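# A closer look at the structure
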Amino acid sequence: QVQLVESGGGLVQPGGSLRLSCSASGSIGSMYRMAWYRQAPGNQRDLVAAATSDGRTTYVDSVKGRFTISRDNTKNTMWLQMNSLKPEDTAVYYCYAKGRSINAAAYWGQGTQVTVSS
């Protein structure tokens, strides 16, 4: 069982930066895929960025070049560095983790609010 806790959200002006953290209560070494999702009011929860345990990363087009996902299995932590933030990045950001097996359990954090506004 893994529990995920996000932190680092807040209010930032357009063009600013934030670094989100996702800390796991258990080992994330077995979590093949970890990701950040976000959900704005009235919208579905969408993928922002993902990182696999073998080093592959993917990003949604709207954040490419601005956001960077990283993970450190020795620290059981994943991060999302967000630069050049835009008002449309405003959302609740969720941490996600899942093992490699198709039958592996998926875990979600409780979310952290990011608001980009002047």
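See above for the structure.
Structure report, in brief. Fair warning: this is a prediction, and the values are worked out from it, not measured in the lab.

What counts, and at which threshold
Residues numbered from 1 in each chain as written. Predicted model: local features only at pLDDT ≥ 70, side-chain atom pairs only at ≥ 80, totals over all residues. Heavy atoms only, no water. Helix = DSSP H or I, 4+ residues; strand = E, 2+ residues; numbered from the N terminus. Rg over C-alpha atoms; globule rule 2.2 N^0.38 Å. Buried < 20%, exposed > 50% of the residue type's maximum accessible area, 1.4 Å probe, protein only. Lys, Arg positive; Asp, Glu negative; His and termini not counted. Charge placed at Lys NZ, Arg CZ, Asp CG, Glu CD. Pairing = 2+ DSSP bridges.

## Details of the overall build of the protein
When its secondary structure is counted, the protein shows zero helices and 11 strands. The C-alpha atoms of the protein give a radius of gyration of 14 Å, which matches the 13 Å a tight globule of 118 residues would have. With respect to the principal axes defined by its C-alpha atoms, the protein has extents near 40 × 25 × 25 Å. Within the protein, buried positions represent 44% of all 118 residues. Taking the 12 positively charged and 7 negatively charged side chains of the protein as two groups, their mean positions are separated by 5 Å.

## A look at unusual backbone geometry
In this structure, Asn76 takes a positive phi of about 50 degrees despite not being glycine. In this structure, Asn76 sits in the loop between strand S7 (67-72) and strand S8 (77-82). The phi torsion at Ser84 lies on the positive side, around 50 degrees, for a residue other than glycine. Relative to the helices and strands, Ser84 is located in the loop between S8 and strand S9 (91-98). A residue is classified by how much of its surface remains accessible, and Ser84, at 39% relative accessible area, is partly exposed.

## Digging into the pairing of strand S4 (residues 33-39)
S4 sits mainly inside the fold: five of its seven residues count as buried. Sheet topology note: the S4/strand S5 (residues 46-52) ladder contains six bridges and is antiparallel. For Arg38, the partnering residue across the bridge sits in S5 and is Asp46. With seven bridges joining them, S4 and S9 adopt antiparallel strand pairing. Bridge pairing in S9 places Arg33 opposite Lys98.

This is a description of form; function is not addressed.
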